[in-house]
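Results of the structural survey
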Amino acid sequence: KQEVTQIPAALSVPEGENLVLNCSFTDSAIYNLQWFRQDPGKGLTSLLLIQSSQREQTSGRLNASLDKSSGRSTLYIAASQPGDSATYLCAVAAGGTSYGKLTFGQGTILTVHP
Amino acid sequence: KAGVTQTPRYLIKTRGQQVTLSCSPISGHRSVSWYQQTPGQGLQFLFEYFSETQRNKGNFPGRFSGRQFSNSRSEMNVSTLELGDSALYLCASSLMINQPQHFGDGTRLSIL
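Okay, so let's go over this structure. (Residues numbered from 1 in each chain as written. Chains lettered and ligands numbered in written order. Predicted model: local features only at pLDDT ≥ 70, side-chain atom pairs only at ≥ 80, totals over all residues. Heavy atoms only, no water.)

Glancing now at the overall build of chain B. Along its length, chain B carries zero helices and 11 strands. Taking 13 Å as the expected radius of gyration for a compact globule of 112 residues, we find that chain B reaches 13 Å, a close match to that expectation. C-alpha extents for chain B along the principal axes are approximately 40 × 25 × 25 Å. By the burial criterion, 49% of the 112 residues in chain B qualify as buried. Here the analysis covers contacts within chain B between residues at least 6 apart in sequence; of these, 53% occur between residues at least 24 apart. Put simply, chain B shows about 5,300 Å² of open surface, and 49% of that area lies on carbon and sulfur atoms. Computed over 11 positive and 6 negative side-chain charges, the separation of the two mean positions in chain B equals 2 Å. (Helix = DSSP H or I, 4+ residues; strand = E, 2+ residues; numbered from the N terminus. Rg over C-alpha atoms; globule rule 2.2 N^0.38 Å. Buried < 20%, exposed > 50% of the residue type's maximum accessible area, 1.4 Å probe, protein only. Contact = heavy atoms within 4.5 Å. Areas by Shrake-Rupley, 256 points an atom, 1.4 Å probe, with all protein chains shown as cover. Lys, Arg positive; Asp, Glu negative; His and termini not counted. Charge placed at Lys NZ, Arg CZ, Asp CG, Glu CD.)

For the rest of this paragraph, the subject is the side chain of Gln101 of chain B. By the element assignment, Gln101 of chain B lies in the loop between strand 9 (87-94) and strand 10 (102-103). For Gln101 of chain B, a relative accessible area of 2% corresponds to the buried category. Aside from chain neighbours lying at most four places away, what touches Gln101 of chain B is Gln34, Phe36, Ser46, Tyr99, Gly100, Lys101 and Leu102 of chain A together with Ser33, Tyr35, Ala92, Ser93 and Ser94 of chain B.

Take the state of the cysteines next. Throughout the structure, instances matching the rule amount to two disulfides over all chains. Here Cys23 of chain A engages in a disulfide with Cys90 of chain A; their sulfurs sit 1.9 Å apart. Disulfide Cys23 of chain A-Cys90 of chain A: torsion about the S-S bond near 70°, hence right-handed. Pair noted here: Cys23 of chain A is in strand 3 (residues 19-25) and Cys90 of chain A is in strand 9 (residues 86-94), with a separation of 67 residues, a long-range link. By relative accessible area, which is 2% here, Cys23 of chain A ends up buried. With a sulfur-sulfur separation of 1.8 Å, Cys23 of chain B is cross-linked through a disulfide to Cys91 of chain B. (Disulfide = S-S within 2.5 Å.)

No statement about biological role is implied by the geometric values presented.
Here you go:
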C-alpha cells in the first residue's frame, strides 16, 4: 500500500526567503507525482506534474524534483511571497489504469509573513 | 474555459439521510475522480470513472457509490449518512494519462 509523507507539517518564513518542501513515498512504482496548493475553503490547484521518467519540472519560481528510486520529491519555492501562503500537497499516481487514483500526503502548511 | 464545477457548495443533512453530489468536469475530460477530505484522514480516494465505467475504487463502504453519464458529468451518492461522513468532497477531472488532475472547489457536507 502506497504511503506518502510530507515534511515539515508546517513552515513559517519571512517574505523573500527560499524554501524547500519535502515529500516521500514508499512504493517507487509510480506513474507521476503532482504538487498542489490548497487555499482555505477551496479546492486544489495543480502546480507541477513530474512524470516518472523526469527528474524535475519548473514553473516560474517553483521547481520540483523527483528521485523515484529513493522515493523522494522536493518542491523548491524561490523568493517567497505572502501570496504563497497555503497548504501544499504532493500526490502520486500509480501506473496502468490507476493513473486517475492519487495518493496524497498530509500536506505542509506554509505561512509567509511580510 | 470553464473549470470543474461541483454542486451544491454546501449541504447540511441529518444522520440516516442520503445525499447526491454532482460534478461537471472540464469540457473534453473523460476521467473523473472523487476524493474525501477530512482534518483527521486528509485526502482519500473514493472512486474514478472513465467513459461511464468505474475504473478504480477506494477503501470506502458500499454506502458510497457513484456514476458517470455519457456527457462525462458524474454524481456520487452517500446513503444512510453517519456523523463521520462530514467532510469536503472534491471532484477532479483529467484529459488523459500524464495530464494534471484539475479539482473543483468541493462540496462541504455537514451531518447533524
